[in-house]
Amino acid sequence: MAQSLRINHDISSLDGYVSIQNDHRHLREPVTLRQDRWDALAPGELNMNLLAQNRIIGQSRGPESLHFDVLRTRIFAEISKQNWTKLAIVSPTHGCGKTNVALNLAMSFSKQSDSRTILLDLDFQAPAISRLMGMGNGPALSSCLLAQEEFGHIAKRFGTSLAVAGDEHPADLQSDLLCSQKLSDALATIEHVYQPGLMLVDTPPMLQFHDIADITPHIDCALLVIDAQSTAAREVDLCERDLARQTNVLGIVLNKCHESECEYQVL
Ligand SMILES: Nc1ncnc2c1ncn2[C@@H]1O[C@H](COP(=O)(O)OP(=O)(O)OP(=O)(O)O)[C@@H](O)[C@H]1O
Ligand SMILES: [Mg+2]
């Protein structure tokens, strides 16, 4: 059974999940080989007001980002041990908070200035990351997957260690994008050229619209985000089993879990 961690932006307690390990180790050794390509990515600017409005707090160095920093540390410990680099953030249904967790985790990882993290929005039917970060209406990740644009032209680099790519609008060909060899090729190229320590991918809801099996062959592991207020136990069970058949399940995040309302339980 996967272990779990509950996340609430207003509380500070944490339970379960994998143990905390040394936070000062690097996500792989820093690679200088592709530094020029990384540096050449168009710089994006963090709009702090927009981030706060959208509940993106992982970039903070204060106590508000504690949950995500702890989650980052635990993920880091596990993926380093296993030599994994591609992590999908998944959830059973809409609105559980996977985009929020993906963004906050990416921000938290970006505080490790000597490693590279790439965040990709693979929810082509309802992309949100570009909008939530105020990235504007530039060329989209879907065009990169269709080999119409290079990743270097569509991604934005925030600071020295985070690059983000997504679509501003729903893509017409979303099923083609996920079903085909294109996703595999694109991820392989991005990994080869930019050599990130971690690629985080946001995904469509597992039990709606799309089969997560289109994505799992291309990633190393997954983190299941559930809405502690509304996700049914049978949905968690179904998704956890389904995921475990397809990839490595790092754990479960109980999102929107208010201390007073929801008892912690290992799922
Ligand atoms: N821990 C939290 N506390 C309060 N609100 C949250 C929390 N996490 C996410 N939200 C809010 O819940 C809504 C849904 O979150 P989010 O978009 O991240 O979910 P999602 O799983 O990506 O949904 P979708 O499947 O539609 O893409 C957003 O308005 C977000 O700001
Ligand atoms: Mg989302």
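Keep in mind that what you see is a predicted model, and the values were worked out from it rather than measured. (Residues numbered from 1 in each chain as written. Chains lettered and ligands numbered in written order. Predicted model: local features only at pLDDT ≥ 70, side-chain atom pairs only at ≥ 80, totals over all residues. Heavy atoms only, no water.)

Colleague: Residue-level account of the pairing of strand β6 (residues 162-165), with values.
Modeller: Neither face of β6 is exposed, since Leu162 and Val164 on one face and Ala163 and Ala165 on the opposite face are all buried. Here strand β4 (residues 117-121) runs beside β6; their pairing, made up of 4 bridges, is parallel. By the bridge assignment for β6, Leu120 is matched with Ala165. Note: strand β5 (residues 156-158) against β6, 3 bridges, orientation antiparallel. By the bridge assignment, Phe158 is partnered in β6 with Leu162. Taking the residues between adjacent antiparallel strands as the criterion, β5 and β6 are bridged by 3 residues, where Gly159 takes a positive phi near 70°. (Buried < 20%, exposed > 50% of the residue type's maximum accessible area, 1.4 Å probe, protein only. Helix = DSSP H or I, 4+ residues; strand = E, 2+ residues; numbered from the N terminus. Pairing = 2+ DSSP bridges.)

Colleague: I'd love a proper account of the site of ligand 1, names of residues and values included.
Modeller: Close to ligand 1 lie 14 residues; Gly95, Lys98, Thr99, Asn100 and Asn255 are nearest. Note that an oxygen atom of ligand 1 is positioned 2.8 Å from one of the backbone N or O atoms of Gly95. Summarising the interface, the protein chains cover 74% of the accessible area of ligand 1, which totals 630 Å² for the free molecule. The biggest single contributor to the shell around ligand 1 is helix α4 (residues 98-110), with 3 residues. (Near = heavy atom within 4 Å. Polar contact = N/O pair within 3.5 Å; in protein donor to acceptor, adjacent residues only side chain to side chain. Areas by Shrake-Rupley, 256 points an atom, 1.4 Å probe, with all protein chains shown as cover.)

Colleague: Run through the state of the cysteines, naming residues and quoting values.
Modeller: Tallied over the entire structure, the rule returns 0 disulfides. Cys239 takes part in no disulfide bond, and the closest cysteine sulfur to it belongs to Cys96, at a distance of 8.4 Å. (Disulfide = S-S within 2.5 Å.)

Colleague: Could you give an account of the side chain of Thr85, with specific residues and numbers?
Modeller: Along the polypeptide, Thr85 turns up in the loop between α3 (66-82) and β3 (86-90). A polar contact is formed between the side chain of Thr85 and the side chain of Glu191, at a distance of 2.6 Å.

Colleague: Describe the nonpolar core, naming the residues involved and giving the relevant values.
Modeller: With 40 residues, the main nonpolar core has Ile118, Leu120, Leu141, Phe151 and Leu224 as its most contacted residues. Considering every element that reaches this core, the biggest residue donor is helix α9 (residues 181-194), with 6 residues. Discounting residues that sit within four places of it in the chain, Leu224 has contacts with Val90, Ser91, Pro92, Met206, Val236, Cys239, Glu240, Leu243, Gly251, Ile252 and Val253. In this structure, Ile56, Ile79, Leu105 and Val225 belong to the second largest nonpolar core, which totals 35 residues. (Core = buried A, V, L, I, M, F, W, Y, C linked by side-chain atoms within 4.5 Å. Contact = heavy atoms within 4.5 Å.)

Colleague: Give me the lowdown on helix α10 (residues 233-246), citing residues and values where you can.
Modeller: In this model, α10 (14 residues) spans 20 Å end to end at C-alpha, consistent with the 20 Å of a helix rising 1.5 Å per residue. Taken together, the buried residues of α10 touch β3, β8 (221-227) and β9 (248-255). (Expected span 1.5 Å × (residues − 1).)

Colleague: Which residues make up α4, and what values do they have?
Modeller: A rise of 1.5 Å per residue sets the reference length of α4, with its 13 residues, at 18 Å; its end C-alpha atoms lie 18 Å apart and thus fit the reference within 8%. α4 sits mainly inside the fold: 13 of its 13 residues count as buried.

Colleague: Describe the environment of Gln195, with residues and values.
Modeller: Take Gln195: it is sitting in the loop between α9 and β7 (198-202). Using a relative accessible area of 24% as the deciding quantity, one classes Gln195 as partly exposed. For the pair Gln195 and Gln35, spaced 160 residues apart in sequence, the C-alpha to C-alpha distance is 9.2 Å.

Colleague: Please give an account of the environment of Gly159 that cites residues and values.
Modeller: Along the polypeptide, Gly159 turns up in the loop between β5 and β6. Separated by 114 residues in the primary sequence, Gly159 and Glu45 place their C-alpha atoms 8.2 Å from one another.

Colleague: Please give an account of unusual backbone geometry that cites residues and values.
Modeller: Unlike most non-glycine residues, Arg55 shows phi in positive territory, near 60°. Even without being glycine, Ala147 reaches a positive phi, approximately 60°. Here Ala147 is to be found in the loop between α6 (141-145) and α7 (151-154). What makes Ala147 exposed here is its relative accessible area of 67%.

Colleague: Requested: an account of the side chain of Asp202, with residues and values cited.
Modeller: Along the chain, Asp202 turns up in strand β7. No salt bridge is formed by the buried Asp202; the nearest opposite charge belongs to Lys98, separated by 5.5 Å. Polar side-chain contacts of Asp202 include one of 2.5 Å to the side chain of Thr99. Apart from the residues lying within four places of it in its own chain, the contact partners of Asp202 are Ile89, Lys98, Thr99, Ala102, Leu120, Asp121, Leu122, Asp123 and Ile129. (Lys, Arg positive; Asp, Glu negative; His and termini not counted. Salt bridge = Lys/Arg side-chain N within 4 Å of Asp/Glu carboxyl O.)

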